[in-house]
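So the chains spell out like this:
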Amino acid sequence: MIPAVVIANKRDRRPLSSDEIKFMIDGYSCGRIPDYQMSALAMAIYLNGMSDREISDLTDSMIASGSKLVKVGDKPRVDKHSTGGLGDKTSLILAPLLACCDLHVPMISGRGLGITGGTLDKLEAIEGFRTNLTESEIHRQLDSLGCVITGATESLVPADKKLYGLRDVTATVPSIPLITASIMSKKIAESLDALVLDVKFGSGAFLATEELAEELAASLMRVGKDAGVLTTALITDMTQPLGGMVGNACEVNESIAILQGGGPSDVRELTIELAARLLLSTKREAQLDDARSRLGKLLDSGSAMDRFERMVHAQSGSIRAVRPIGQSRPFLAKYAGYIQAIDGQLLGQAVIAMGGGRMVTGQAIDFSVGLKMHCKIGHCLTEEQPILDIQCDDENKSQIAMQLVERAITISDEPQKRPSLWRNFVTK
Ligand code: URA
């Protein structure tokens, strides 16, 4: 087979055969096919799309570039995947919460991408926390605690690691076939029984519109079901940040507050909704309301917190070693009115500008910086009321963030309805 011929087929909208897809992914993984040919193929896929069969073949070829996690024990294995959103910290709460329900949660997570923070970066705001566990460490911890949150091992879908880096710098990330294969190859390689997807839309997410989120959800669910993983999905609103905190150390603190039965209601509600889908999929509960109430009690009683503390300890951290938060400066309402819109892209850029996210691959994160939101869409403001605090020790960076924040908040005279947080996604 000739790589340029495969690229030309996709360029000219001819479907790729299973063998052609396998040839390109195998060749790219082992270095026989160079970055420039893989970028050309990725762009042709971005522009011309793929059929369901091609997406499944792409996912399978990516899984075959490495090895799956071996399933040990007889407990159902579950996970959640979020497509990423500003202030989304549900993973930190959901993994220990589900472990308390006698499920195994091998959560393989990623780093921040664009404006959305990454679970690994957040957890590294806990001094000493290890996110590079080996496969045998993952198995040991699942066996003893039922949950682990760590980065992908070397052998888990290496093709995605390479291809993702390439897509990031060739403007080929927002492609439904490429995103589907990237996400589902990693989740299927965890050898899951059930998966819940949190597919997000809005200015604080990767996909701007609800229609695109639905299209992605349908594609992800189809691949999950074909692979024999019980897959459910929620479509969730990110037209404003989730919870009150955006940043690394401050999001760990907010997660701990939820695990102790407090914290903002939207984070608690979404975490419970996602986890409840997995209790139903694995038949731990038969009714959604019973699942919700069981999960709420596990948060309120401190059981989930205890499991989180043990997980952090097992991964060489301590919940008493969350790194400090930067100095606070309030951003005040210039006039009275109602919060009409909160631009997540600009808020995310403010956090990145302060060093809380990356501008270039591999950049060190400043865990101390962040935003503390005091208001949500629809909030009625008086003049000079604090809308949010910028948390940063560096005055210059803080001022840059302040300018971005000013552009991010729109105040109107008209009362605004609060957007609803989530809805079930059912395939047609
Ligand atoms: N998350 C992933 O893991 N892959 C993508 O392509 C997009 C989001």
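This one's a predicted model, so the numbers in the text were calculated from it and none came from an experiment.

## Some words on the overall build of the chain
Within the chain, the regular secondary structure consists of 16 helices and 13 strands. The C-alpha atoms of the chain give a radius of gyration of 21 Å, which matches the 22 Å a tight globule of 428 residues would have. Taken along the three principal axes of its C-alpha coordinates, the chain extends 65 × 45 × 40 Å. Here the chain holds 428 residues, and 57% of them are scored as buried. Long-range pairs, those at least 24 residues apart, make up 76% of the contacts in the chain with a sequence separation of at least 6. Total accessible area on the chain stands at roughly 17,300 Å², and carbon and sulfur atoms take up 52% of it. Between the mean site of the 47 positive side-chain charges and the mean site of the 53 negative ones, the chain shows a separation of 4 Å.

## Re the domain arrangement of the chain
Considered domain by domain, the chain is made up of domain 1 (3-49), domain 2 (78-321) and domain 3 (328-412). Here the C-alpha centroids of domain 1 and domain 2 sit 31 Å apart. Across the boundary between the two partners, domain 1 contributes twelve residues, which contact eleven residues of domain 2. The junction of domain 1 with domain 2 conceals about 1,000 Å² of combined surface from both sides, 77% of it contributed by carbon and sulfur atoms. Area buried by domain 1 at its contact with domain 2 is led by Tyr28, Ala42 and Tyr46, which between them contribute 46% of it. For the pair domain 1 and domain 2, the number of links is zero salt bridges.

## Observations concerning the pairing of strand 7 (residues 328-332)
The side-chain alternation of strand 7 yields one buried face, formed by Arg329 and Phe331, and one unburied face, formed by Ser328, Pro330 and Leu332. The sheet contact formed by strand 7 and strand 11 (residues 386-391) spans five bridges and is antiparallel. Bridge pairing in strand 11 links phenylalanine 331 to leucine 388.

## Details of the packing of helix 8 (residues 158-168) against helix 9 (residues 176-188)
Between helix 8 and helix 9, the least distance of the axes is 11 Å, while the angle of their chain directions is 150°. As summarised for this structure, helix 8 and helix 9 are arranged roughly antiparallel, according to the angle between their axes. Like other packed secondary-structure pairs, helix 8 and helix 9 cross with a definite hand, here left-handed. For the pair helix 8 and helix 9, contact is made by Asp160, Tyr164 and Arg167 and by Leu178, Ile179, Ser182, Ser185 and Lys186, respectively. The residue makeup of the contact of helix 8 with helix 9, split by class, is three nonpolar, two polar and three charged.

## Focus on the site of the ligand
Around the ligand, the surrounding shell consists of Tyr164, Arg167, Ile179, Ser182, Ile183, Lys186 and Phe206. Within the side chain of arginine 167, an N or O atom sits 2.9 Å from an oxygen atom of the ligand. A distance of 2.6 Å separates a nitrogen atom of the ligand from a polar side-chain atom of serine 182. Relative to its unbound accessible area of 240 Å², the ligand is 90% covered by the protein chains. Contributing elements (two or more residues each) for the shell around the ligand: helix 8 and helix 9. Examining the composition of the shell around the ligand, we find that four residues originate from one element, helix 9, more than from any other. Class assignment for the residues of the shell around the ligand results in four nonpolar, one polar and two charged.

## Observations regarding the nonpolar core
Leu98, Phe308, Leu347, Leu371 and Leu388 are the most contacted members of the largest nonpolar core, which totals 84 residues. Here this core takes eight residues from helix 12 (residues 265-281), the largest share from any one element. Counting only domains with at least three residues in this core, you end up with domain 2 (78-321) and domain 3 (328-412). Setting aside chain neighbours within four positions, we find leucine 98 in contact with Val78, Leu103, Val105, Ala275, Leu278 and Leu279. Membership of the second largest hydrophobic core comes to 53 residues, among which are Val6, Leu192, Val229 and Phe425.

Calculation rules
Residues numbered from 1 in each chain as written. Predicted model: local features only at pLDDT ≥ 70, side-chain atom pairs only at ≥ 80, totals over all residues. Heavy atoms only, no water. Helix = DSSP H or I, 4+ residues; strand = E, 2+ residues; numbered from the N terminus. Rg over C-alpha atoms; globule rule 2.2 N^0.38 Å. Buried < 20%, exposed > 50% of the residue type's maximum accessible area, 1.4 Å probe, protein only. Contact = heavy atoms within 4.5 Å. Areas by Shrake-Rupley, 256 points an atom, 1.4 Å probe, with all protein chains shown as cover. Lys, Arg positive; Asp, Glu negative; His and termini not counted. Charge placed at Lys NZ, Arg CZ, Asp CG, Glu CD. Domains from an automatic or database assignment. Buried area = accessible area lost by both parts, 1.4 Å probe. Salt bridge = Lys/Arg side-chain N within 4 Å of Asp/Glu carboxyl O. Pairing = 2+ DSSP bridges. Axes fitted to C-alpha atoms, helices over the stretch in contact; angles between N-to-C directions. Parallel < 35°, antiparallel > 145°, perpendicular 65-115°, else oblique. Left-handed = near helix turned anticlockwise from the far one by under 90°. Nonpolar A, V, L, I, M, F, W, Y, C, P; charged D, E, K, R; others polar. Near = heavy atom within 4 Å. Polar contact = N/O pair within 3.5 Å; in protein donor to acceptor, adjacent residues only side chain to side chain. Core = buried A, V, L, I, M, F, W, Y, C linked by side-chain atoms within 4.5 Å.

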